[in-house]
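Each chain, letter by letter, is given below.
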Amino acid sequence: MDLTVVWAAIIALGLLIYVVLDGFDLGIGIVFPLFPDERERDLMMNTVAPVWDGNETWLVLGGAALFGAFPLVYATVLSALYLPLVAMLACLILRGVSFEIRGKASRTKHLWNLAFIGGSTGAAFFQGISLGAFVQGIPLANGEFAGDAFGWLTPFSLLTGLGLVATYALLGCCWLIAKTEGDLQRRLHRLLWPLTLVLIGFIAVVSIWTPLQEPNVAARWFSTEWFHRMVPAPFLVAICAYLMRRAARDRHHTRPFLLATAFVVLGYAGLLATLWPYAIPSSVTLWQAAAPEQSLKFTLTGAVVILPIILAYTIFGYWVFRGKVRHGEHHYH
Amino acid sequence: MESSSLSALDLARIQFAFTVSFHIVFPALSIGLSSFIAVLEWRWLKTGKTYYKDLCLFWSKIFAIAFGMGVVSGVVMAYEFGTNWAGFSKFAGPITGALLTYEVMTAFFLEAGFLGIMLFGWTRVGPRAHFAATLTVAVGTLMSAFWILASNSWMQTPQGFAIEGDRAVPVDWFQIVFNPSFPYRLVHMTLAAFLVAALLVAATGAWHLLKGRRDPAIKKTFSLAMWMLLAIAPLQAFVGDQHGLNTLRYQPAKIAAIEGLWDTETGGTALNLFGIPDMQAETTRYALSVPHLGSLLLTHTWDGEIRGLKSFPRDERPNSTVVFWSFRVMVGLGLLMIVLAVTAWILHRRGRLYDSAWFHRFAVLMGPSGFVTLLAGWVTTEVGRQPWVVYGVMRTSQAASPLSAQQVGLSLMAFVVVYFLVFGTGIYYMLKLMRAGPNVTPEDDARPAQPQPRGPRAVTAAA
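Residues numbered from 1 in each chain as written. Chains lettered and ligands numbered in written order. Predicted model: local features only at pLDDT ≥ 70, side-chain atom pairs only at ≥ 80, totals over all residues.

**Notes on the overall build of chain B**
Then, number 1: When helices and strands are counted, chain B shows 13 helices and 6 strands.
Then, number 2: The C-alpha extent of chain B, read off along each of the three principal axes, is 80 × 50 × 45 Å.
Then, number 3: Looking at chain B as a whole, 53% of its 463 residues qualify as buried.
Then, number 4: For chain B, contacts bridging at least 24 residues in sequence account for 76% of all contacts bridging at least 6. (Helix = DSSP H or I, 4+ residues; strand = E, 2+ residues; numbered from the N terminus. Buried ≥ 20, exposed ≤ 12 C-beta atoms within 10 Å, placed from the backbone. Contact = placed C-beta atoms within 7 Å.)

**Here we look at the overall build of chain A**
Then, number 1: Within chain A one finds 14 helices and 4 strands.
Then, number 2: For a compact globule of 333 residues, the expected C-alpha radius of gyration is about 20 Å, and chain A comes in at 20 Å, within 12% of that figure.
Then, number 3: With respect to the three principal axes, the spread of C-alpha positions in chain A is 55 × 40 × 40 Å.
Then, number 4: Taken across its 333 residues, chain A has 49% of its residues classed as buried.
Then, number 5: Residue pairs at least 24 apart in sequence account for 79% of intrachain contacts in chain A once pairs closer than 6 positions are excluded. (Rg over C-alpha atoms; globule rule 2.2 N^0.38 Å.)

**Some details on unusual backbone geometry**
Then, number 1: The amide bond that connects Trp276(A) to the next residue, Pro277(A), takes the cis arrangement and shows omega of -5°.
Then, number 2: Summarising the element assignment, Pro277(A) is placed in the loop between helix 12 (255-275) and strand 3 (278-280).
Then, number 3: In the segment running from Gln386(B) into Pro387(B), the intervening peptide bond is cis, with an omega of 5°.
Then, number 4: Turning to its location among the elements, Pro387(B) is positioned in the loop between helix 12 (369-383) and strand 5 (388-390).
Then, number 5: Unusually for a residue other than glycine, Ser282(A) sits at a positive phi of about 65°.
Then, number 6: Here Ser282(A) is to be found in the loop between strand 3 and strand 4 (284-285).
Then, number 7: Among the residues examined, Ser282(A) registers 15 C-beta atoms within 10 Å and is labelled partly exposed.

**Some details on the packing of helix 3 (residues 52-69) of chain A against helix 14 (residues 293-320) of chain A**
When two helices pack together, their arrangement is given by the angle between the helix axes and the distance between those axes.
All names here are of chain A.
Then, number 1: Where helix 3 contacts helix 14, the two axes come as close as 13 Å, and the packing angle between them is 175°. Comparing their axes, helix 14 and helix 3 come out roughly antiparallel. Two secondary-structure elements touch here, helix 3 through Gly54, Gly68 and Ala69 and helix 14 through Ser295, Leu296, Thr299, Thr314 and Gly317.
Then, number 2: By residue class, the composition of the contact of helix 3 with helix 14 is 2 nonpolar, 6 polar and no charged. (Axes fitted to C-alpha atoms, helices over the stretch in contact; angles between N-to-C directions. Parallel < 35°, antiparallel > 145°, perpendicular 65-115°, else oblique. Nonpolar A, V, L, I, M, F, W, Y, C, P; charged D, E, K, R; others polar.)

**Observations regarding the environment of Met244(A)**
Residues and elements named next belong to chain A.
Then, number 1: Mapping methionine 244 onto the fold places it in helix 11 (residues 232-249).
Then, number 2: A tally of 27 C-beta atoms within 10 Å means that methionine 244 is categorised as buried.
Then, number 3: In this structure the C-alpha to C-alpha distance between methionine 244 and leucine 258, which are 14 residues apart in sequence, comes to 9.5 Å.
Then, number 4: Sequence-distant contacts of methionine 244, that is, excluding residues within four places in its chain, are made with Thr196, Pro256 and Leu259.

**Some details on helix 1 (residues 3-31) of chain A**
Then, number 1: The end-to-end C-alpha separation of helix 1 of chain A is 41 Å, in line with the 42 Å expected for 29 residues at 1.5 Å each.
Then, number 2: If you look at helix 1 of chain A, its biggest bend is around 35°, right at Gly23(A). (Expected span 1.5 Å × (residues − 1). Bend = angle between axes of the 7 residues up to and from the residue.)

**Focus: the interface of chain A and chain B**
Then, number 1: On the side of chain B, 58 residues touch chain A, which itself brings 60 residues to the contact.
Then, number 2: Looking at the side of chain A that touches chain B, the elements that each hand over two or more residues are helix 3, helix 4 (71-80), helix 5 (82-101), strand 2 (144-145) and helix 14 of chain A.
Then, number 3: In terms of residues, the side of chain A that touches chain B owes the most to one element, helix 5 of chain A, which gives 14 residues.
Then, number 4: Taken together, the residues of the side of chain A that touches chain B sort by class into 38 nonpolar, 17 polar and 5 charged.

**So, the packing of helix 7 (residues 155-179) of chain A against helix 8 (residues 182-213) of chain A**
Residues and elements named next belong to chain A.
Then, number 1: Axis separation between helix 7 and helix 8 bottoms out at 8 Å; the angle between their running directions is 150°. When the axes of helix 7 and helix 8 are compared, the pair comes out roughly antiparallel. For the element pair helix 7 and helix 8, the recorded crossing hand is left-handed.
Then, number 2: Looking at the contact of helix 7 with helix 8 residue by residue, the class counts come to 19 nonpolar, 7 polar and no charged. (Left-handed = near helix turned anticlockwise from the far one by under 90°.)

**A word on the pairing of strand 3 (residues 271-278) of chain B**
A regular strand places its side chains on the two faces of the sheet in alternate fashion.
Residue and element names in this part refer to chain B.
Then, number 1: One ladder, built from 6 bridges, connects strand 3 with strand 4 (residues 283-290); its direction is antiparallel. From the neighbouring strand, aspartate 278 faces strand 4, where its bridge partner is threonine 283.
Then, number 2: Connecting strand 3 to the next strand, strand 4, in antiparallel fashion are 4 residues, including glutamate 282 with a positive phi near 55°. (Pairing = 2+ DSSP bridges.)

**Observations concerning helix 3 (residues 86-120) of chain B**
Then, number 1: Compared with the 51 Å implied by 1.5 Å per residue over 35 residues, the 40 Å span of helix 3 of chain B between its first and last C-alpha is markedly short.
Then, number 2: At Gly93(B), helix 3 of chain B is deflected by roughly 85°, the largest bend along its length, and proline Pro94(B) occurs up to four residues later in sequence.

**Some details on the pairing of strand 1 (residues 161-164) of chain B**
All names here are of chain B.
Then, number 1: Sheet topology places strand 1 next to strand 2 (residues 167-170); 4 bridges connect them, and they run antiparallel. Residue pairing in the sheet places phenylalanine 161 in a bridge with proline 170 of strand 2.
Then, number 2: With antiparallel pairing between neighbouring strands as the criterion, strand 1 and strand 2 make up a hairpin whose turn holds 2 residues, including glycine 165 at a positive phi of roughly 65°.

**Here's the deal with the nonpolar core**
Then, number 1: With 258 residues, the main nonpolar core has Cys173(A), Val196(B), Ala198(B), Ala202(B) and Leu229(B) as its most contacted residues.
Then, number 2: Residues contacting Ala202(B), with those up to four places away along its chain left out, are Phe222(B), Ala225(B), Met226(B), Leu229(B) and Ala363(B). (Core = buried A, V, L, I, M, F, W, Y, C linked by C-beta atoms within 7 Å.)

**Some words on the confidence of the model for chain A**
Then, number 1: Confidence along chain A averages 91 in pLDDT terms, with 98% of residues attaining 70 or more.
Then, number 2: Looking over chain A, one finds the lowest element-wise mean pLDDT in helix 10 (residues 224-230) of chain A, namely 81, and the highest in helix 7 of chain A, namely 96. (pLDDT = per-residue confidence, 0-100.)

**A word on the confidence of the model for chain B**
Then, number 1: Considering every residue of chain B, the mean pLDDT works out to 90; 94% of them sit at 70 or more.
Then, number 2: In the predicted complex, the global pTM is 0.90; the interface-specific ipTM is 0.91.

Here it is as structure tokens:
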């Protein structure tokens, strides 16, 4: 068995889980401005209060596993994306701490609302920018980042930044639909279809732009080997969109979230198809970037046992807090 | 460092020191507080006394803030090795990255996974299941200490690896994890975390005693913290001493710098109690020294030899001016903690623990001393490791990312602003909670017969 591929798959899966889980709690911050009522905002934050720490841990796993399994990627890509990543971390701090403080503040509550909105939106935006810049490639010389401090700032990366904001907004909206009821849920349902349309727009533009700017990607996507695997993607997106339209009309509670997750999975699959088999697009393959076998083996031994346990108690945690969240039920202190 | 402007390397080091110092105080408090809360909850389950439950809820609120701030400042750390220390990450990633992966898998997920139940699950699960969640969080914080200290200790006393090409390749994982300084550092840091929490809890109790509260919740807070201090503070002095012997064996330059010792003295080394080490002039100015005390303390013999800094090449000497003083701050405050705990014990024996206002003021003043001592200790061991990032293997100057000083300067400014703003506010709210103190619910036995000796199942949420 190829340890390198196994680790790449674990990291890819971990980041997918991150995007879905932290996506919906960041998304709550993104749609916050549309719900100015402070009582409703309390409720919205309470829906994720017991789980947001765990959700963010998947991002830490991504960082740490990259550090341990693909040190070259961790070192070069992270220093290449220095400024957007620092901005993302600062945003995550602002919003993470707003969870703890917003509920306690009275005079400065509006500032913590802003921190929560700005932090959530900013974190999503800079994650998307980093992703776009990464897909466009990282200039390397002698195994070191050899590009410009602002090399990550391109029209494409700005587009992917906004695209991720839209993705998280949809996830957040769908999560809230599943966790709320009554008038608030009705207004969320009205938001569902417009957000879906925005997301589909971004998916379309990114899907067309990527092969146009990267001849390598175009060659792979349209090769005989890959083409038949890529062809179903647009149809699956269309089916999801149709189902979402119906779920919005029928005011379904949980189906929108499942469909939003399906959008994410489809987009993510497209991303992986674009990157494979590179660890750093078009320059370093997974095998060139991998840590020595002794490291991969050591960490994999643990991961095989521990990750299923983590998944089990994560699911248990969500199950304990299942159902609708109501006013005054569990205050975030 | 004669040049007027700071280099990208200096800025990266300042940034790391700043972010890691801000970070470490929160996990340290979380480690100590989560165990304390677990003890409170266990007492509540055993005795059914409501004040234990009240204290549990009260300290959980403070724990929640500390934990949240630890998580968000910790995410920064998980990425900062790559953003700022690309050279180090590429070289040591196969080892420290793997240890960090284990920390995330065995500790971070465990803590975050059960924290929700611990804080918000009072009405969702039964009391025993809730206690299990609290215990799991406490165990998670300790596991986290295990892995991160294994990683840090490997950087201090590396072994169990080979260098192939431009990277460290693991050979023996047992040797890597259980490297020579690890057991000492693990115990030293864990005890430090307990001291941090105990001092903060004691100060909170003392504050309310000074304000006139004498209810069982406050008295318990104060006495539990003092018993904890009495057990841990002297033990910490012993562990610290053993840690020192270990450092002398594996990092003699660090010890020489800590003691401001320049020449290798024969027939017994004196100890500089005070002085100002001067790195340029290779001497310790205004030294107040006691003959033979250095040998006695550091080698536990009358005339044990200790290598002076001059016996190390100039470019392999840690900054003695800094570590000489950071070490003395740590030891001085540590001794004060012992004085505090022993005084509490004497007052307790005389039945005056709750009526000695001067002592309560002393305890309030000592509240933040755990944090100061913790940081002073870390400054000593980390600055004392310089100029190496991996001791004797890789220099800090080879470890940095190829970034411009402007980039690092900009991010440093951003971190300083965000950290002071955000964590400053967080600390403000923690202090505010502590000042408000625990709520008191009337005792169970003051009400009509309660058939539930283990405490009521349906309790109000952790509001």
